[in-house]
Amino acid sequence: MTQYTIALLEGDGIGPEIAREAVKVFKLVEERNDVAFDLRPAPFGAQAYFDCGHPFPDETKAICDAADAIIKGPIGLSHEESKKIPVDMQPERGALLPLRRRYNTFANFRPVSLPRALAHFSPLKPEIIGDGIDLVMVRELVGGLYFGEKEVGVNEAGLRYVKEVLEYDEEQIRRVLHEALQLSMRRKKVLHNIHKSNVLKSSVLWNEVLEEVAQEYPEVEIRHILVDAAATLLCLNPGQFDVMVMENMFGDILSDQGGGILGSLGLMPSACKGPDKSYYEPSHGSAPDIAGQNIANPYSMIGSVAMMLEDSFGMAQESKNVWAAMQSVFGAGFSTPDLSKPGSGVKMINTDEFGDRVVEALAGMPKAG
Ligand code: NAD
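Residues numbered from 1 in each chain as written. Predicted model: local features only at pLDDT ≥ 70, side-chain atom pairs only at ≥ 80, totals over all residues. Heavy atoms only, no water.

> Could you give an account of the packing of helix 3 (residues 58-66) against helix 5 (residues 91-103), with specific residues and numbers?
Between helix 3 and helix 5, the shortest axis-to-axis distance is 12 Å and the interhelical angle comes to 35°. In this structure, helix 3 crosses over helix 5, and the sense of that crossing is right-handed. Contacts from Lys61, Cys64 and Asp65 of helix 3 reach helix 5 at Leu99, Arg102 and Tyr103. Residues belonging to the contact of helix 3 with helix 5 are distributed by class as follows: 3 nonpolar, no polar and 3 charged. (Axes fitted to C-alpha atoms, helices over the stretch in contact; angles between N-to-C directions. Helix = DSSP H or I, 4+ residues; strand = E, 2+ residues; numbered from the N terminus. Left-handed = near helix turned anticlockwise from the far one by under 90°. Contact = heavy atoms within 4.5 Å. Nonpolar A, V, L, I, M, F, W, Y, C, P; charged D, E, K, R; others polar.)

Following this line, the structure appears as structure tokens:
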């Protein structure tokens, strides 16, 4: 039997609620396969700061260091509640970015997917959705503005100022482009390069490096789109995209728009790949507006489990089964309230019932050979 150790960082807000459903899936996957998951819960985020004095405590670092992979729920507080934590200890700055830096998780894969049959979940018209939405955003995750030097102070004119540096070297760009090009080779061999080279020098370098790297993938057609235009085209014609690659901040913003065109951020899982270790997390935040009500959509968290099964543990078939189990719950007419639009005929279920139905559907599927 193969054994894997998984650090389980439930996070804040809806994190523990959707993590519970992910754990149900891990347990069933264990039962169905010759595999054992040693799930090691560890504090991370705002609650960790209140309980342990740090949003990424040393004990959590040790658990993550020892794990084969990490699954992480969303972290963070509402705008008002965040003020209870010193700026540098707030969950993104104090925990999330340090996690990414620690494991150098440079490539973030964010699938944006909605089959045609579920077009009613989307705010877009069915004729715009066409055959469905099926694209992957590849976001550079450890460089750019989010990781650059920061300076705050008062300038000579007596005015408060801030300076944040957007920095990339060619190797940081090259490695994420390789990931995106390799993914394009496994898909439709079309890569949309999202940039802002009409204004930003960082995009000029990005595009130069892409020209060099792309020579190693002559079969992949590269299409260049300015990030602002890409935002519009995602709404007007999402079907034209297959793999999209972009730097850190563009990816942060555009991938939330990805959730928007699907109908909910609850449909957005992700994988964050590093050279030695990967971690998996929903793309969305801790949703303080719905926390504690058992109404969050756990698809994003269970989808992150499916990505882990395939990418970290090579369990491609069982991963497909998990995706199919979730789709079957939607296919049977159920969804959590974020996707239950009045008059759409969707039957509303809670977070835990969604998880139970996924597990029931998975249990009924043939086991991987
Ligand atoms: P959010 O992503 O938490 O929520 C935006 C909207 O989407 C809300 O209406 C929320 O209810 C809804 N939503 C999100 N996930 C959902 C789900 N699974 N099911 C149903 N509805 C869902 O964004 P926000 O409110 O701007 O941020 C809240 C906190 O999360 C902030 O502290 C922010 O910094 C943090 N955050 C963390 C991460 C992360 O952990 N990677 C990412 C983004 C934001």
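> I'd like a description of the site of the ligand, backed by residues and values.
Of all residues adjacent to the ligand, which total 22 residues, the nearest are Leu77, Glu92, Gly285, Ala287 and Asp289. Here an oxygen atom of the ligand and a backbone polar atom of isoleucine 75 are 3.0 Å apart. Contact between the ligand and aspartate 289: an oxygen atom at 2.8 Å from a side-chain N or O atom of the residue. Coverage of the ligand by the protein amounts to 72% of the 810 Å² it exposes when considered alone. Within the shell around the ligand, the residues separate by chemical class into 10 nonpolar, 7 polar and 5 charged. (Near = heavy atom within 4 Å. Polar contact = N/O pair within 3.5 Å; in protein donor to acceptor, adjacent residues only side chain to side chain. Areas by Shrake-Rupley, 256 points an atom, 1.4 Å probe, with all protein chains shown as cover.)

> Kindly report on the nonpolar core, identifying the contributing residues and their values.
In summary, soluble globular proteins display a tendency toward joint burial of nonpolar side chains. Ranked by internal contacts, the top residues of the largest apolar core, which has 93 residues, are Phe37, Ile71, Ile133, Val138, Met244, Leu254 and Phe313. Split by domain, the residues of this core number at least three in each of domain 1 (1-105 + 274-369) and domain 2 (115-268). With residues near it in sequence (within four places) discarded, isoleucine 71 still touches Ile6, Ala7, Leu8, Leu9, Phe26, Tyr280, Met301, Ser304, Val305 and Met308. (Core = buried A, V, L, I, M, F, W, Y, C linked by side-chain atoms within 4.5 Å. Buried < 20%, exposed > 50% of the residue type's maximum accessible area, 1.4 Å probe, protein only. Domains from an automatic or database assignment.)

> Can you tell me about the sheet that holds strand 10 (residues 243-246), naming the residues and giving the values?
On the basis of which strands lie adjacent, the open sheet formed by 10 strands has the order 2-1-3-12-11-4-5-10-8-9 and mixed pairing. Either end of the sheet is taken by a strand with one partner, and the two such strands are strand 2 (35-41) and strand 9 (221-226). Looking at each pair of strands side by side, their axes are set apart by 25° on average, direction ignored. Bridge analysis of strand 11 (residues 271-273) against strand 12 (residues 278-280) gives 3 bridges, and the strand direction is antiparallel. Paired with lysine 273 across the two strands is serine 278, which belongs to strand 12. The strands that helix 1 (residues 15-32) touches are strand 1 (2-9), strand 2 and strand 3 (69-72); relative to strand 2, the one it contacts most, it runs at about 155°. Each of strand 5 (132-140), strand 8 (190-195), strand 9 and strand 10 touches helix 8 (residues 201-214); the most contacted strand, strand 8, lies at about 160° to it. (Pairing = 2+ DSSP bridges.)

These results come straight from atomic positions and should not be treated as a statement about function.
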